[in-house]
Amino acid sequence: MSVIEISHITKDYGKGRGVFDVSFSVNQGEVLGFLGPNGAGKTTTIRQLMGFMKPDSGKLSIMGMDCFKNTEKIQKSVGYLPGEIAFIDSMNGMEFIRFVAKMKKMKGLGRAEELMEMFELNASGRLKKMSKGMKQKIGIVCAFMDPEADIMILDEPTSGLDPLMQNRFVELILSEKKQGKTILMSSHMFEEIERTCDRAAIIRSGRLAAVEEIEKLKEGRQKVIEVTFKESPMAEEFAAAFPRAVYQPGGKIVTVKVGKNLDAFIKKAGEYTVTDFNVRTQSLEEFFMHFYGEGADK
Ligand SMILES: Nc1ncnc2c1ncn2[C@@H]1O[C@H](COP(=O)(O)OP(=O)(O)OP(=O)(O)O)[C@@H](O)[C@H]1O
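Since this is a predicted model, take the numbers as computed values, not measurements.

A. Structural view of the site of the ligand. For the ligand, the full set of nearby residues is Y13, R17, G18, G36, N38, G39, A40, G41, K42, T43, T44 and G83. Within the residue set of the shell around the ligand, elements represented by two or more residues are β2 (17–27) and α1 (42–49). With three residues, the single largest contributor to the shell around the ligand is α1. Classifying every residue of the shell around the ligand by side-chain character gives two nonpolar, eight polar and two charged.

B. Expanded view of the environment of S7. By the secondary structure assignment, S7 is in strand β1 (residues 2–14). Note on S7: 14 C-beta atoms within 10 Å, which makes it partly exposed. C-alpha separation for the pair S7 and S57, spaced 50 residues apart in sequence, amounts to 9.3 Å. Residues contacting S7, with those up to four places away along its chain left out, are S23, G58 and K59.

C. Fine view of the domain arrangement of the protein. Here the domain parsing of the protein yields domain 1 (2–88 + 142–212) and domain 2 (222–281). Each of domain 1 and domain 2 was reduced to a C-alpha centroid, and the two centroids are 42 Å apart.

D. Molecular detail of the pairing of strand β9 (residues 199–204). Among the six residues in β9, five count as buried, and that is most of the element. Taken together, the six bridges between β9 and strand β10 (residues 207–213) define a ladder with antiparallel strand orientation. Directly across from R199, in β10, lies its bridge partner E213. Hairpin connection of β9 to β10: two residues between the antiparallel strands, including S205 at a positive phi of 50 degrees.

E. A look at unusual backbone geometry. Within the chain, M63 stands out as a residue other than glycine whose phi angle is a positive 50 degrees. Mapped onto the fold, M63 is located in the loop between β4 (57–62) and β5 (65–66).

F. Inspection of the sheet that holds strand β7 (residues 151–155) at higher detail. Here six strands make up an open sheet; going across it, the order is β6-β7-β8-β3-β9-β10 and the pairing mixed. With one partner strand each, in any of the chains shown, β6 (78–81) and β10 form the two edges of the open sheet. Neighbour-to-neighbour, the strand axes of the sheet open up by a mean angle of 15 degrees, direction not taken into account. Examined bridge by bridge, β7 and strand β8 (residues 182–187) share five bridges and lie parallel to one another. Bridging across to β8, M152 finds its partner in I183.

G. Looking closely at the environment of E271. The residue E271 is located in the loop between α10 (262–269) and β14 (274–281) in this model. Separated by 37 residues in sequence, E271 and M234 place their C-alpha atoms 9.2 Å apart.

H. Summary view of the pairing of β8. When you tally the buried positions in β8, you get six out of six residues, the bulk of the element. Side chains of β8 alternate between two faces, with T182, L184 and S186 and I183, M185 and S187 buried alike. Judged from the five bridges that link them, strand β3 (residues 31–35) and β8 form a sheet pairing that is parallel. The partner of F34 across the bridge, within β8, is S186. Chirality of the crossover, the property in question, places the unit of β7, helix α6 (residues 163–178) and β8 among those that are right-handed.

Here is what the cut-offs are and how they apply
- Residues numbered from 1 in each chain as written.
- Predicted model: local features only at pLDDT ≥ 70, side-chain atom pairs only at ≥ 80, totals over all residues.
- Near = placed C-beta within 6 Å.
- Helix = DSSP H or I, 4+ residues; strand = E, 2+ residues; numbered from the N terminus.
- Nonpolar A, V, L, I, M, F, W, Y, C, P; charged D, E, K, R; others polar.
- Buried ≥ 20, exposed ≤ 12 C-beta atoms within 10 Å, placed from the backbone.
- Contact = placed C-beta atoms within 7 Å.
- Domains from an automatic or database assignment.
- Pairing = 2+ DSSP bridges.
- Axes fitted to C-alpha atoms, helices over the stretch in contact; angles between N-to-C directions.
- Right-handed = clockwise from strand over helix to strand, strands pointing away.

Set out below in structure tokens:
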């Protein structure tokens, strides 16, 4: 059952900016990673989910409720971490956490205290004087502290966190997932997505490029194979059989990215005398770059 539904939304800011005909959904208990380069439209999509603005066309709903018409109800039941948090600078961290808890009509701050401990956060200082990382931790506490919120919408949750805290965040997501929460999070951190998400939605230039299971994405990764031949004419002939092979004229080494054509590759190599063979599997990051870079539309 899908909990978050985005259906053919378009928000056109002009000059090709915005989001165009974007559709995807997040199922009950699923963690979905929302990936894309800067300016791709992640925040624009997320802000429409939170009801801050209306799409030009299309529909967004959470638990069957229209995001623009039931904004108040949705904002109360969703744990939300904005990309840029609007703090009230005159408050200290703890005052701000209490203020948010009051708005959410929460009964206690038990979970908030656990989270502050988990992220080693001392929230007693003035918000104005806090570092970006500390402010991000306050945002995380506010997003996750309501035990009744079982949907989380997180816009670049680990931006500004150091690697140790990024790790803590991954642990937090995994434990929330175990409790059956439904989570949508945008991110630039491939490792974090790989470790936490069931599926990834990839957006570029305002249009959805792919929605795929992480396991499938991993399977789709190519292998980078480097073969050394006994003599350079062999290498040259071999390289000619693979259009995207990298080969320095006169050399003996040929490097090829191999996917489904692995068998053909091996059989062709078998026609020559091979003296060395190295295989490296693409990282998920390299694989995602295929969606990010120029020419990815092809
Ligand atoms: N209020 C606005 N008016 C005009 N253009 C806007 C507005 N808000 C966003 N944009 C443009 O829409 C595009 C998408 O922006 P958005 O903030 O959604 O990207 P993003 O994927 O969240 O990027 P980032 O990773 O940098 O946060 C960008 O080109 C941005 O400049």
